[in-house]
Amino acid sequence: MFQQLKTAVSGAQILFVAFGALVLVPLLTGLNPAMALLGAGVGTLVFQLCTGRQVPIFLGSSFAFIGPIIYSMQTWGQGATMFGLFCAGFMYFVFAAIVRWRGMAMVNRLLPPVVIGPVIMIIGLSVASAASNMAMGRAGGNQIMPYETSLLLAAVSLATTIVVSIFARGMFKLVPILAGVTVGYIVAAFIGVVDFDKLANAPWFVVPAFGSMEVNWAAALFMLPVAIAPSIEHIGGVMAIGGVTGKDYTKTPGLHRTLAGDGLGVCIAGAIGGPPVTTYAEVTGAVMITRNFNPVVMTWAAVFAICMAFFGKFNALLQSIPMPVMGGIMVLLFGTIASIGLKTLIEAKVDLMEPRNLVIISVVLTSGIGGLELSFGSFSLVGVGLCSVLAIVLNLILPQQAASHDGIVEGQDV
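All figures in this text were calculated on a predicted structure; none of them were measured in a lab. Starting from 1, residues in each chain are numbered consecutively following that chain's sequence as written. Restriction of local features to residues with pLDDT of at least 70 applies here, the model being predicted, together with a cutoff of 80 or more for giving and counting side-chain atom pairs; totals for whole chains, interfaces and linings are based on all residues. Where side-chain values are given, they derive from all heavy atoms of the structure, hydrogens and water being excluded.

(A) How the structure looks around helix 15 (residues 296-308). Helix and strand definitions follow DSSP, with helices as H or I runs of at least four residues and strands as E runs of at least two, each counted in order from the N terminus. Given a helix with a known number of residues, its expected span is that number minus one, times 1.5 Å. Helix length check: helix 15, at 13 residues, gives a terminal C-alpha distance of 19 Å against a target of 18 Å (1.5 Å per residue), a fit within 8%. Those residues of helix 15 not exposed but buried are Val 297, Met 298, Thr 299, Ala 301, Ala 302, Ala 305 and Ile 306. The rule is simple: take the accessible area with a 1.4 Å probe, protein chains only, and divide by the maximum for that residue type; under 20% is buried, over 50% is exposed, in between is partly exposed.

See below:
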């Protein structure tokens, strides 16, 4: 009995570590935080079913989809966005089939660092303006909150996040986002810019409102390429947790099974109205610190996430967080994502003096940051989706002029 209680407490601790990033994505994109919790919980349980509960991984909201979700919500609406996110899960099945058929060599051939690096950079840089506007209290070109107050809240949240990420020790070092949001929220409450009415009127327990998918193939084709980066990130995440536990999960239960499990989680999360899920580096860090390698811990974390999805007061509290508080966090977050892409290029020693590499990276960065759009009638490719396609095509058609450095992204949440 005591051992089960200890395992349950460890599961709650894992959810605490993952929580800040988990709920941040729906708060930034306009999706329901309750559905993010429900999708993460159910997605993790499905992942464990697919892998025989052998891998200590918790699946949380993927940052890679923030920009694309915002664009899709504005362009096609929530129903079509849900359908696009549901279809994005099938990209994981494609990679699972490739790995099962040809192994990692084929994945590295299609997606070397010179492809993955700039695409990850675009994931962060393409929404940089949104972070700055939220930090200044602006939305849709309008000043929603006073400028000075907004900058104060954004600065407090950003400073707290930076201090915790650099100077904190142990488990606290793993929750910089949660710390930043908490301190920013407390300051906002003290200066009177938090609306507590919705929190007071919210029921204690409520069944989350499930969204309804609307079939839209343009949204689906827009989201599919976006899933390339988190699919590769998943591979890195599985290798990273294997390095911590001393087990090779790419062989047992097999990379094709972990990819398929993550893909099913993405499909389920998208179908119910939550953001796609992915492996979390924070959770890997927590496993490394606690040395608790038992996958049952992740089961408890998933169960707690599902329970919290039905806690109405809690979800109202999340939705009452002032916009500049989130904006301050985003300033660091989106820059960090771009830095991970740069780190990918540096670690793989991609030679920018080689014209081929310079062309791929330059075209991707300019197209992504500049907002280049490729339209065919009602169908259009833009942002991360277009950049992914451009990078892959250029990598395949441009001749190799020197030995390339193949590899994959190592264990980071994008």
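(B) The side chain of Ser 62, seen in detail. Secondary-structure assignment places Ser 62 in the loop between strand 1 (59-61) and helix 3 (66-75). At 3.3 Å, the side chain of Ser 62 and the backbone nitrogen of Ala 64 are in polar contact. Identification of polar contacts relies on pairs of N or O atoms within 3.5 Å, with a donor-acceptor requirement for protein atoms, meaning one able to donate a hydrogen and the other able to accept it, and with residues adjacent in sequence counted only if both atoms are side-chain atoms.

(C) Examining the nonpolar core more closely. Phe 58, Phe 63, Phe 65 and Phe 334 are the most contacted members of the largest nonpolar core, which totals 113 residues. If one sorts the elements of this core by residue count, helix 1 (residues 2-29) sits on top with eleven residues. Residue contacts are defined here by distance: any two heavy atoms, one from each residue, within 4.5 Å place the two residues in contact. Discounting residues that sit within four places of it in the chain, Phe 65 has contacts with Leu 85, Ala 88, Met 223, Val 226, Ala 227, Pro 230 and Pro 276. As used in this record, nonpolar core signifies buried Ala, Val, Leu, Ile, Met, Phe, Trp, Tyr and Cys residues forming a set joined through side-chain atoms within 4.5 Å.

(D) Highlighting the packing of helix 6 (residues 113-125) against helix 18 (residues 355-370). Only C-alpha atoms enter the line fits that serve as axes; for helices the fit covers just the stretch in contact. Angles between N-to-C directions range over 0 to 180 degrees. Interaxial distance between helix 6 and helix 18 falls to 9 Å at its minimum, and their mutual angle equals 20°. Relative to helix 18, the element helix 6 is oriented roughly parallel. The hand of the helix 6/helix 18 crossing is right-handed. Mapping the contact onto sequence places Val 114, Pro 118, Val 119, Met 121, Ile 122 and Leu 125 in helix 6 and Arg 356, Asn 357, Ile 360, Ile 361, Val 364, Leu 365, Gly 368 and Ile 369 in helix 18. Residues belonging to the contact of helix 6 with helix 18 are distributed by class as follows: eleven nonpolar, two polar and one charged. An angle counts as roughly parallel when it lies under 35 degrees, as roughly antiparallel when it exceeds 145, as roughly perpendicular when it falls between 65 and 115, and as oblique in every other case. The handedness criterion is simple: a crossing whose near helix is rotated anticlockwise from the far helix by less than a right angle is left-handed, and one whose near helix is rotated clockwise is right-handed. For this classification, the nonpolar set comprises Ala, Val, Leu, Ile, Met, Phe, Trp, Tyr, Cys and Pro, the charged set comprises Asp, Glu, Lys and Arg, and every other residue, Gly included, is treated as polar.

(E) Quick look at helix 18. Counted at 1.5 Å a residue, the expected span for helix 18 with its 16 residues is 22 Å, and the 22 Å between its end C-alpha atoms agrees. Listing the buried residues of helix 18 in full gives Arg 356, Asn 357, Ile 360, Ile 361, Val 364, Ser 367 and Gly 368. Taken end-on, helix 18 shows its buried residues confined to a sector of 145°, consistent with a single buried face. Among the exposed residues of helix 18, those pointing more than 90 degrees away from its buried face are Thr 366, Ile 369 and Gly 370. The secondary structure elements touched by the buried residues of helix 18 are helix 6, helix 17 (323-347) and helix 19 (383-397). Looking one or two residues beyond helix 18, the residue adopting positive phi is Gly 371, at roughly 75°. Arc, as used here, means the arc of the directions from the helix axis to the C-beta atoms.

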